[in-house]
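# Residue-level structural notes
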Amino acid sequence: MSINPVFPDFAEASREYWEQLTYEKIKKRTYLDPLYDVAFKVFLNDPEALVSFLNGVFHLEGEKRIVSVTVKNTEVNILFPQTKTFRLDIRATTSNGYCINVEMQKAKHSRFIERILLQHSAFMLQSKYEWDQDFFKESDQYTPSEVRAQRYDLRYEIPPTYAIWVCDFHLEQQDSYCGTWGIRNEKGLTLTDKVKYILYDLTQFDKTKEQVETDEDRWLWLLKHAGESDSLPDFNDDVIAQAIKRLLVKTAPDSILKQQARNMVMTEEELDYLAALKVRAREEGRAEGRAEGRAEGREEGRTEGGMNKAREMAKAMLDLGDPIEKVMQVSKLTEDEIRKL
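Residues numbered from 1 in each chain as written. Predicted model: local features only at pLDDT ≥ 70, side-chain atom pairs only at ≥ 80, totals over all residues. Heavy atoms only, no water.

## Describing the packing of aromatic side chains
Within the structure shown, the criterion is met by nine aromatic pairs. Measuring from ring centre to ring centre gives 4.9 Å for Tyr 98 and Tyr 162, while their planes differ by 80 degrees; the resulting arrangement is edge-to-face. Highlighted residues: Tyr 98 in the loop between strand S4 (90-94) and strand S5 (99-105) and Tyr 162 in strand S6 (residues 161-167), separated in sequence by 64 residues. Residue Tyr 98 is classed as buried on the basis of its relative accessible area, which comes to 17%. Ring pairing ties together the aromatic residues Phe 58, Tyr 98 and Tyr 162, which thus form one cluster. (Phe/Tyr/Trp six-rings, centres within 6.5 Å; stacked < 30°, edge-to-face > 60°. Helix = DSSP H or I, 4+ residues; strand = E, 2+ residues; numbered from the N terminus. Buried < 20%, exposed > 50% of the residue type's maximum accessible area, 1.4 Å probe, protein only.)

## Focus on the packing of helix H3 (residues 37-44) against helix H7 (residues 215-225)
It is at 12 Å that the axes of H3 and H7 come closest, and there the two elements cross at 150 degrees. For the pair H3 and H7, the crossing hand works out as right-handed. Facing Phe 40, Phe 43 and Leu 44 of H3, the residues of H7 in contact are Trp 219, Leu 222 and Leu 223. Partitioned by chemical class, the residues of the contact of H3 with H7 number six nonpolar, no polar and no charged. (Axes fitted to C-alpha atoms, helices over the stretch in contact; angles between N-to-C directions. Left-handed = near helix turned anticlockwise from the far one by under 90°. Contact = heavy atoms within 4.5 Å. Nonpolar A, V, L, I, M, F, W, Y, C, P; charged D, E, K, R; others polar.)

## Some details on the sheet that holds strand S1 (residues 69-71)
Here six strands make up an open sheet; going across it, the order is S1-S4-S5-S6-S8-S7 and the pairing mixed. Both outer strands of the open sheet, S1 and strand S7 (178-184), are each paired with one neighbouring strand and no more. Each neighbouring strand pair of the sheet contributes to a mean axis angle of 25 degrees, computed without reference to strand direction. Where S7 meets strand S8 (residues 190-201), six bridges bridge the pair, whose relative direction is antiparallel. (Pairing = 2+ DSSP bridges.)

## Focus: the side chain of Gln 119
Within the secondary structure layout, Gln 119 lies in helix H5 (residues 112-137). The class for Gln 119 is buried, based on a relative accessible area of 4%. Only 3.3 Å separates the side chain of Gln 119 from the side chain of Glu 103, close enough to count as a polar contact. Contacts of Gln 119, omitting those with residues within four sequence positions, involve Phe 86, Leu 88, Asn 101, Glu 103 and Trp 165. (Polar contact = N/O pair within 3.5 Å; in protein donor to acceptor, adjacent residues only side chain to side chain.)

## As for the side chain of Gln 126
Summarising the element assignment, Gln 126 is placed in helix H5. A residue is classified by how much of its surface remains accessible, and Gln 126, at 17% relative accessible area, is buried. Not counting residues within four places of it along the chain, the set of residues in contact with Gln 126 comprises Val 76 and Arg 91.

## Here's the deal with H5
Helical geometry note: an α-helix holds 3.6 residues per turn, so side chains three or four residues apart project in the same direction. The terminal C-alpha atoms of H5, which comprises 26 residues, lie 38 Å apart, in line with the 38 Å expected from a rise of 1.5 Å per residue. For H5, the set of buried residues is Phe 112, Ile 116, Gln 119, His 120, Ala 122, Phe 123, Gln 126, Ser 127, Lys 128, Glu 130, Asp 132 and Phe 135. (Expected span 1.5 Å × (residues − 1).)

Written out as structure tokens, the structure reads:
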């Protein structure tokens, strides 16, 4: 197997090594890191925790508070015409009729906003289908005319569908850690309140533990800091205390620890991103070689363009929190070159 000098085949050449190394490091920590999918679901995909989190997100008080949720199957299949499968992190319906999708996003994608829109479209269609099915289950208590009338009213009605994305990277579209986005016209008038996108940018969430006041603050603070902490505050909240206990490394199943290690080494999306950088570097190297007629221009990664892509990839890995040793292994840059980034 040949390995590109700037972009080695990380997935095949060293994935097992890094997974084992990361697994051993995780075992020495106090908590799993909920910024990665498996621990995020352990932390929040519990009915009581999800109710508390959602009441914080929507700032619901008193009689308006969500009192229960029904956690749903997270796999959504849509025909495009080929079947496209979306695996959501958390999907639920609430006691007040909300259809909720909660996502933890560690890696940044070049078409991130389009991904949100596409995934939400599939989520909305699935929610609409289930909503209609609930009606038809009860249709035997109505006369045929009443069924037809209600089916007419229901044909294009959609349930409230809200997507909540917790992002561990900077969102250029937002000037604060939280943004609620909807469908509006150029004057800011809302077309519908039934579709909302709530985006959290944890890089802009800088509240200290002492500044935390609301349920929203508490969950965001814990999400951001749990993976690096030796001790976490439960804020005198039993639901939060139980969620923190679920993150304890010493009581977590070994399968969870290994899945966490796989998540931390390189997610599928990160591997796709690195592959895209590799292909772009190859194409730019070839183009430069043709333009300048130099033999070295045909050697992958040895042109200035290739080195620029190596630096870009290294910077992306650093932004994802990868250790310098791993960045050196993948990019083949020196430690000094990486620290300058």
